[in-house]
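Residue-level structure breakdown
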2 protein chains.
Amino acid sequence: MSTSAHAGSTAPPLYQEVAEKIAHLIEEGVLRPGERVSSLRRVSQQYGVSLTTAIQAFIWLEDRGLVEARPKSGFFVRAARPVLKEPLMARPPRAVREVTVGALQSRLFEAAMLPHILPLGGAVPSPELLPMVKLNRVLASVARRSGKRGVSYDMPPGTELLRREVAKRVLEAGTMVLPQEIITTCGATEGLMLCLRAVTVPGSVVAVESPTYFGVLHALEELKLKAIEIPTHPRDGMDLDALERALRTHPVAACLAVPTFSNPLGALMPDAHKERLVSMLAKREIPLIEDDVFGELHHGPQRPRLAKGYDEKGLVMLCSSFSKSLAPGYRVGWVAPGRFYERVKTLKLTSTLATATLPELAIAEFLATGGYDHYLRGVRSIYAANLRRVGQAVAAAFPDGTRVTKPQGGFVLWVEMPIGVDALRLQDEALAREINIAPGPMFSPNQGYRHCIRLSCGVPWSPRLQEALGVLGTLAKRQLG
Amino acid sequence: MSTSAHAGSTAPPLYQEVAEKIAHLIEEGVLRPGERVSSLRRVSQQYGVSLTTAIQAFIWLEDRGLVEARPKSGFFVRAARPVLKEPLMARPPRAVREVTVGALQSRLFEAAMLPHILPLGGAVPSPELLPMVKLNRVLASVARRSGKRGVSYDMPPGTELLRREVAKRVLEAGTMVLPQEIITTCGATEGLMLCLRAVTVPGSVVAVESPTYFGVLHALEELKLKAIEIPTHPRDGMDLDALERALRTHPVAACLAVPTFSNPLGALMPDAHKERLVSMLAKREIPLIEDDVFGELHHGPQRPRLAKGYDEKGLVMLCSSFSKSLAPGYRVGWVAPGRFYERVKTLKLTSTLATATLPELAIAEFLATGGYDHYLRGVRSIYAANLRRVGQAVAAAFPDGTRVTKPQGGFVLWVEMPIGVDALRLQDEALAREINIAPGPMFSPNQGYRHCIRLSCGVPWSPRLQEALGVLGTLAKRQLG
């Protein structure tokens, strides 16, 4: 496996160009499973290449599991591999855990900053998929017009226009949150941190999904909180019976979940589950921190409901941001912390005092003028297609027995490989080939999920990406011997 | 005392216009103490107003202590009041304290956001005194040019150009800090918080100046840290003998100080003291968190040295920002945390993940192209003049026995009124007249300094400001009966 696939650095060899064209025909269903691919001679004529090149092209296709040679008959499109199974729900230990993922997170981000790395590690949308030119232009225009306001503090709760736009969007998800119940934050990271600080003290136990976003685990670690991992179904989200048991047996101070397109599983909790989750916690007066950063990135036509929509006691603290859906670098998020509003607002003062004014104003304007909705309509189908193609490529290249999630939103896939693959080693090996991935142990306080990885599919589909997935599969197979 | 002085809302009455012109002549030394002011008739002729108006003008001047009537001789410029004494060093209790200032801080900021309020409360530069048009224009230009980079995360340690520019400026203060030793933050607020979190655990004791910036006290409160207040001289800063005693008697985990133009006193620690401070702490391996947010706002020609300049063991964590000197709303600060670099960088991930990219890039460019230096040269003399004029107005209007600081940098004044004045009540009474001030109890963990206030002089000099200071003086006198 070569590492020559820098975007635009060198052209691929001729045979690969030919092979990719044929692969495209297979992928698009022009050539169907079982169908004979043109003969070597025909390919050589069709693409104006030598017979040797045509042979190399077929070898390339065979290597990737796209065609198979049948003696004396030529090359045939391989029967589509059965679509990979979804992972099963993991059964994390029922114990309360100290958390240590900070080092893994730093490692992931440091790798992400290296040049030429294919960024399948962080769940960060590729700038090419963001409305960067339009949004930056709005910011430029706002900056020129803003005068005093642009350089001045925008003290908590933050810009009213933005809070109004957010309230409107939340209403579209069927939930009534007033602008005056919202506080802007420096991304959802700050929002989650403020919510956790508002409702816990060092030593408190927080119930989280398993696997769960490493940023959450790192926050727990730094706040000296303990995690109780709740098994989470790859399709339906947190196992509520398991949560119920945990609530009975542990002094849970808060529950933190991503009910809509969880990270890393991409699970979408059904409405009835969301309702049960909220009422189960409310009965015990336990706050739910609902992280909804992927909520706007539904692939289907309908924006899923929020758990916050079932909140009758002000116990649901809803957090989100524009980092997954608009501009990570703007650092604009928000939180609707229910009855903990005053506490969160006060904590915000000691955290960062205020959110940066002009990025807030620019995003508010982009929302108010419809630019955001227009953008979202387009990008949702891109992510849906990306997840499908990555899933197919994983199916083609990864070891037998690999399972992969089928999220209905967001842009991350969770890949469960056969036991025996070491995801941390795989990350190292992949980095040596300029591919970053997020190894499973990052998603658990006790560094479980050693045979799992998360693939971020927030990058445009490209031959390089396709090749990289082949490389990952080969590396994983090699580990299994 | 009327509250009619909204900037531009209604013109002042005619007599006041006349009186202010005469006041200006007195202030500028055209009319000198003891000198006779023109007769009523002369004033009436000179300014083309009725005799009644001229009389009202003299009463206005008399009320403000600028002139005095001598029987049969007319009005004379009052002998300049002896310049007010500086406050004495306070002797805070030597005990370790829990901290509770969060509520006072919220109150201050909420008042600051009301419209029409004259903002003498928060130590925030008025936008009119900031290079807002130029800086916003740079941001607009950067946003248009930035493409991918503008919307992308700028992961810690943050934009290299900015870190290089900061390193150059630190070098100009005689201290060598490399760009790779610096981490950008969302203002100094985040920087201080990260430094405190890096070197303390809940219950740790932190040595602070007394009086000290309420933001620091609020951070201690939220982190459940304890404060030991070190007496601080209004001119020379923290009393190092007192610190030495505290270090002997308390398990101090860190010392947090503003050695250059402290807040609220404006004290400038002499170089020898800075050196002693650093070595005293180093001997015990105690980190010093050096907050230098006012360091660039020296009124004299020389930028004072940093305590960090004496740091041989990497124990000094230098924090600063551009919020006092450029653009509070941009939320860009930085920290050079010495040997705690990795720890602070990791903590930054759970706090806000990254600093907003475009504000960072804009400030970096403003620094690199010389805009910042050009601006600072101008604004330093404005602040120096402002502090002088506010000091004079306080001298003219406040109760006998009032003391006031004489800072050599920054833009805040500390006013110590006679015992008996209640600063919290004064804040209420002032707010009713649309003037915000920072009451002394905000600057101490045990809410001492009840007879003190901090006046922020980061607003352009104006008749409204002059009148407001008169109002404050009258209110204070009234409290004394």
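The name given to chain A in an unreviewed UniProt entry is DNA-binding transcriptional MocR family regulator, with Prosthecobacter dejongeii as the source organism. The Sequence similarities (unreviewed entry) comment attached to chain A in UniProt states, word for word, "In the C-terminal section; belongs to the class-I pyridoxal-phosphate-dependent aminotransferase family."

**Describing the overall build of chain A**
Within chain A, the regular secondary structure consists of 16 helices and 16 strands. Taken over C-alpha atoms, the radius of gyration comes to 24 Å for chain A, in line with the 23 Å a tight globule of 481 residues would show. Counting only C-alpha atoms, chain A reaches 75 × 55 × 35 Å along its principal axes. Residues counted as buried form 63% of the 481 residues belonging to chain A. Taking contacts inside chain A between residues at least 6 apart in sequence as the whole, the part at least 24 apart equals 76%. When the accessible surface of chain A is totalled, it reaches about 17,900 Å², and 54% of it is carbon and sulfur.

**Quick word on the pattern of salt bridges**
Using the criterion set out here, one finds 42 salt bridges over all chains in the structure. A salt bridge links Glu222(B) to Arg343(A); the nearest nitrogen and oxygen atoms lie 2.7 Å apart. Residue Glu222(B) is located in helix H9 (residues 214-222), and its partner Arg343(A) is located in helix H12 (residues 341-351); the two belong to separate chains. For Glu222(B), a relative accessible area of 10% translates into the label buried. Here Lys168(B) makes a salt bridge to Glu165(B), at a shortest N to O gap of 2.9 Å. Of the two residues, Lys168(B) and Glu165(B) are both situated in helix H7 (residues 160-172); the distance of three residues between them amounts to about one turn of the helix. Glu165(B) gets classed as buried once you look at its relative accessible area, which sits at 8%.

**Focus: the relation of the copies chain B and chain A**
A rotation about an axis combined with a shift along that same axis relates the two copies of the chain. Take chain B, turn it by 180°, move it 0.0 Å along the axis, and it overlays chain A with an RMSD of 0.1 Å. Each copy turns onto its partner about a two-fold axis. Closest to the rotation axis within chain B is the C-alpha of Ala140(B), separated from it by 1.8 Å.

**Quick look at the packing of helix H15 (residues 423-432) of chain A against helix H16 (residues 463-479) of chain A**
All names here are of chain A. One way to put it is that H15 packs onto H16 with a least axis distance of 10 Å and a crossing angle of 135°. In terms of orientation, H15 and H16 fall into the oblique class. Note on packing geometry: the crossing formed by H15 with H16 is right-handed. Across the interface between the two elements, Arg425, Leu426, Glu429 and Ala430 from H15 touch Leu472, Leu475, Ala476 and Gln479 from H16. Tallied by class, the residues present in the contact of H15 with H16 amount to five nonpolar, one polar and two charged.

**Overview of the packing of aromatic side chains**
Under the criterion given, the structure shown has 16 aromatic pairs over all chains. A ring pair is formed by Tyr383(A) and Phe411(A), whose centres lie 4.8 Å apart and whose planes are at 35°; its orientation type is tilted. Taken together, the positions of Tyr383(A) in helix H14 (residues 371-397) and Phe411(A) in the loop between strand S13 (403-404) and strand S14 (412-416) put the pair 28 residues apart, joining distant regions of the chain. Side by side, Tyr383(A) and Phe411(A) carry an identical accessibility label, which is buried. A ring pair is formed by Tyr213(B) and Phe214(B), whose centres lie 5.1 Å apart and whose planes are at 50°; its orientation type is tilted. Aromatic rings pair up to connect Tyr213(A), Phe214(A), Trp414(A), Phe443(A) and Tyr449(A) into one cluster. If you follow Arg70(A) out to its NZ or CZ, it ends over the ring of Phe76(A), 4.1 Å from the centre.

**Here's the deal with the domain arrangement of chain A**
Taken domain by domain, chain A holds domain 1 (14-77) and domain 2 (138-372). On a C-alpha basis, the centres of domain 1 of chain A and domain 2 of chain A stand 49 Å from each other.

**A look at the interface of chain B and chain A**
Listed by partner, the interface residues are 55 residues for chain B and 55 residues for chain A. Taking both partners together, chain B and chain A bury about 4,900 Å²; carbon and sulfur atoms supply 66% of that area. The largest contributions to the chain B side of the interface with chain A come from Val151(B), Tyr153(B) and Thr350(B), which together make up 14% of the buried area. One can count 16 residue pairs in polar contact (both at pLDDT 80 or more) joining chain B with chain A. Of all the secondary-structure elements, those providing two or more residues to the side of chain B that touches chain A are helix H4 (102-113), helix H5 (132-146), helix H6 (148-151), helix H8 (187-199), H9, helix H12 (341-351) and helix H13 (357-368) of chain B.

**Here we look at the sheet that holds strand S16 (residues 452-456) of chain A**
All names here are of chain A. Sheet architecture is open: five strands sit in the order S4-S15-S16-S14-S13, paired in mixed fashion. Of all strands in the sheet, those bounded by a partner on one side alone are strand S4 (118-120) and S13. Judged from the three bridges that link them, S4 and strand S15 (residues 435-439) form a sheet pairing that is parallel. Counterpart to leucine 120 in the pairing with S15 is isoleucine 437. Across the face of the sheet, H15 comes into contact with S15 and S16 while running at roughly 170° to S15.

**Quick word on the pairing of strand S9 (residues 252-257) of chain B**
Here is the key point about a regular strand: its side chains alternate between the two faces of the sheet. Residues and elements named next belong to chain B. Within S9, five of the six residues are buried, leaving the element largely enclosed by the surrounding structure. Judged from the four bridges that link them, strand S6 (residues 205-210) and S9 form a sheet pairing that is parallel. Opposite alanine 207, over in S9, you have cysteine 255 as the bridge partner. In terms of strand pairing, S9 meets strand S10 (residues 288-291) through three bridges, oriented parallel. Bridge pairing in S10 places alanine 257 opposite glutamate 290.

**Here we look at the environment of Glu128(A)**
Mapped onto the fold, Glu128(A) is located in the loop between S4 and helix H5 (132-146). A C-alpha to C-alpha distance of 30 Å links Glu128(A) and Leu31(A), two positions 97 residues apart in sequence. Contacts of Glu128(A), omitting those with residues within four sequence positions, involve Pro460(A) and Lys148(B). One polar contact links Glu128(A) to Ser126(A), side chain to side chain, over a distance of 2.3 Å. A distance of 3.1 Å separates the side chain of Glu128(A) from the side chain of Lys148(B), its partner in a polar contact.

**Details of the pairing of S10(B)**
Residues and elements named next belong to chain B. Here S10 shows no split at all, with Leu288 and Glu290 on one side and Ile289 and Asp291 on the other all buried. Once you follow S9 into helix H11 (residues 271-283) and on to S10, the crossover reads as right-handed. In this sheet, strand S11 (residues 316-321) lies alongside S10 in parallel orientation, the contact comprising four bridges. Bridging from a neighbouring strand, isoleucine 289 pairs with methionine 317 of S11.

**Points about the confidence of the model for chain A**
Considering every residue of chain A, the mean pLDDT works out to 91; 96% of them sit at 70 or more. Within the model, pLDDT remains below 50 along residues 1-10 of chain A, and this stretch shows 14 contacts once partners closer than five positions in the same chain are excluded.

**Digging into a nonpolar patch on the surface**
Together, Leu171(A), Met176(A) and Leu178(A) make up a nonpolar patch on the protein surface, roughly 300 Å² of accessible area in all. Its location among the elements puts Leu171(A) in helix H7 (residues 160-172).

**Things to note about the packing of helix H4 (residues 102-113) of chain A against H12(B)**
Taken N-terminus to C-terminus, the directions of H4(A) and H12(B) make an angle of 90°; their axes are 11 Å apart at the nearest point. Regarding the angle of H4(A) to H12(B), the classification is roughly perpendicular. For the pair H4(A) and H12(B), contact is made by Gln105(A), Ser106(A), Phe109(A) and Glu110(A) and by Lys345(B), Thr346(B) and Leu349(B), respectively. Tallied by class, residues from the contact of H4(A) with H12(B) come to two nonpolar, three polar and two charged.

**Things to note about the environment of Trp334(B)**
Residue and element names in this part refer to chain B. Mapped onto the fold, tryptophan 334 is located in strand S12 (residues 333-336). Taking the C-alpha atoms as reference, tryptophan 334 lies 7.0 Å from glycine 187; in sequence the two are 147 residues apart. Apart from the residues lying within four places of it in its own chain, the contact partners of tryptophan 334 are Val166, Val170, Ile182, Ile183, Thr184, Thr185, Leu318, Cys319, Ser320, Ser321 and Phe322.

Analysis parameters
- Residues numbered from 1 in each chain as written.
- Chains lettered and ligands numbered in written order.
- Predicted model: local features only at pLDDT ≥ 70, side-chain atom pairs only at ≥ 80, totals over all residues.
- Heavy atoms only, no water.
- UniProt positions renumbered as here; feature names shortened; annotations may be inferred.
- Helix = DSSP H or I, 4+ residues; strand = E, 2+ residues; numbered from the N terminus.
- Rg over C-alpha atoms; globule rule 2.2 N^0.38 Å.
- Buried < 20%, exposed > 50% of the residue type's maximum accessible area, 1.4 Å probe, protein only.
- Contact = heavy atoms within 4.5 Å.
- Areas by Shrake-Rupley, 256 points an atom, 1.4 Å probe, with all protein chains shown as cover.
- Salt bridge = Lys/Arg side-chain N within 4 Å of Asp/Glu carboxyl O.
- Least-squares fit on C-alpha atoms with pLDDT ≥ 70 in both.
- Axes fitted to C-alpha atoms, helices over the stretch in contact; angles between N-to-C directions.
- Parallel < 35°, antiparallel > 145°, perpendicular 65-115°, else oblique.
- Left-handed = near helix turned anticlockwise from the far one by under 90°.
- Nonpolar A, V, L, I, M, F, W, Y, C, P; charged D, E, K, R; others polar.
- Phe/Tyr/Trp six-rings, centres within 6.5 Å; stacked < 30°, edge-to-face > 60°.
- Lys NZ or Arg CZ within 6 Å of the ring centre and 35° of its normal.
- Domains from an automatic or database assignment.
- Buried area = accessible area lost by both parts, 1.4 Å probe.
- Polar contact = N/O pair within 3.5 Å; in protein donor to acceptor, adjacent residues only side chain to side chain.
- Pairing = 2+ DSSP bridges.
- Right-handed = clockwise from strand over helix to strand, strands pointing away.
- pLDDT = per-residue confidence, 0-100.
- Patch = residues over 30% accessible without salt bridge, like charges linked within 9 Å, V, L, I, M, F, W, Y side chains within 5 Å.

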